[in-house]
Amino acid sequence: MSDVQREVSELERKSATAARLFDIRRIIGGLFTIYGIIVTVAGLTASDADLDKAVGVNVNLWTGLGMLALGVFFLVWLKLRPTAPPPPPAAEDRPRP
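What this report covers is the structure whose coordinates are included nearby. (Residues numbered from 1 in each chain as written. Predicted model: local features only at pLDDT ≥ 70, side-chain atom pairs only at ≥ 80, totals over all residues. Heavy atoms only, no water.)

## Let's talk about the overall build of the protein chain
What the protein chain contains, in helices and strands, is four helices and zero strands. For the protein chain, with 97 residues in total, the buried portion stands at 15%. If you take every contact in the protein chain between residues at least 6 apart in sequence, the share linking residues at least 24 apart comes to 75%. In the form shown here, the protein chain has an accessible surface area of approximately 7,400 Å², with 68% of it arising from carbon and sulfur atoms. (Helix = DSSP H or I, 4+ residues; strand = E, 2+ residues; numbered from the N terminus. Buried < 20%, exposed > 50% of the residue type's maximum accessible area, 1.4 Å probe, protein only. Contact = heavy atoms within 4.5 Å. Areas by Shrake-Rupley, 256 points an atom, 1.4 Å probe, with all protein chains shown as cover.)

Dropping the structure here:
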């Protein structure tokens, strides 16, 4: 295998790894999970005054649980259906040595 072919295959591998690393589902799922945990904890520690402002509904708790569920959904979706690697280039697309 020539040096050019080796470099091309190495760049293709790095490109596929970068595509999987920066999948939007990972970013959305991670952020919603982290924020969901924070808001859920705020809801669990809500005072009576906070609950009175919201007419007895613990808005932080329900919003945090919803965010947490959405974040976990995205992460499970990413795990069950990972990003497919790009197909290898056709023989006529490859550079000639």
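## Observations concerning the packing of helix 2 (residues 24-44) against helix 4 (residues 59-80)
Running from N to C, helix 2 and helix 4 point in directions that differ by 155°, and their axes come no closer than 7 Å. Taken together, helix 2 and helix 4 sit at an angle that is classed as roughly antiparallel. In the crossing of helix 2 with helix 4, the sense of the turn from one axis to the other is left-handed. (Axes fitted to C-alpha atoms, helices over the stretch in contact; angles between N-to-C directions. Parallel < 35°, antiparallel > 145°, perpendicular 65-115°, else oblique. Left-handed = near helix turned anticlockwise from the far one by under 90°.)

## Comments concerning helix 2
Look at helix 2: 30 Å from first C-alpha to last across 21 residues, which is about the 30 Å you get at 1.5 Å a residue. All buried positions along helix 2 are accounted for by Arg25, Gly29, Thr33, Gly36, Thr40 and Gly43. Along the axis of helix 2, the buried positions cluster into a sector of 100°, meaning they face one direction only. Exposed positions of helix 2 whose direction lies more than 90 degrees from the buried face are Ile24 and Ile38. Contacts made by the buried residues of helix 2 are with helix 4. (Expected span 1.5 Å × (residues − 1). Arc of directions from axis to C-beta.)

## A closer look at the pattern of salt bridges
A full pass over the atoms with the stated rule returns one salt bridge. Ionic pairing is found between Asp23 and Arg25, a salt bridge with its closest N-O pair at 2.7 Å. Taken as a pair, Asp23 and Arg25 share a single burial class, namely buried. (Salt bridge = Lys/Arg side-chain N within 4 Å of Asp/Glu carboxyl O.)

Any link to function would need more than the numbers given here.
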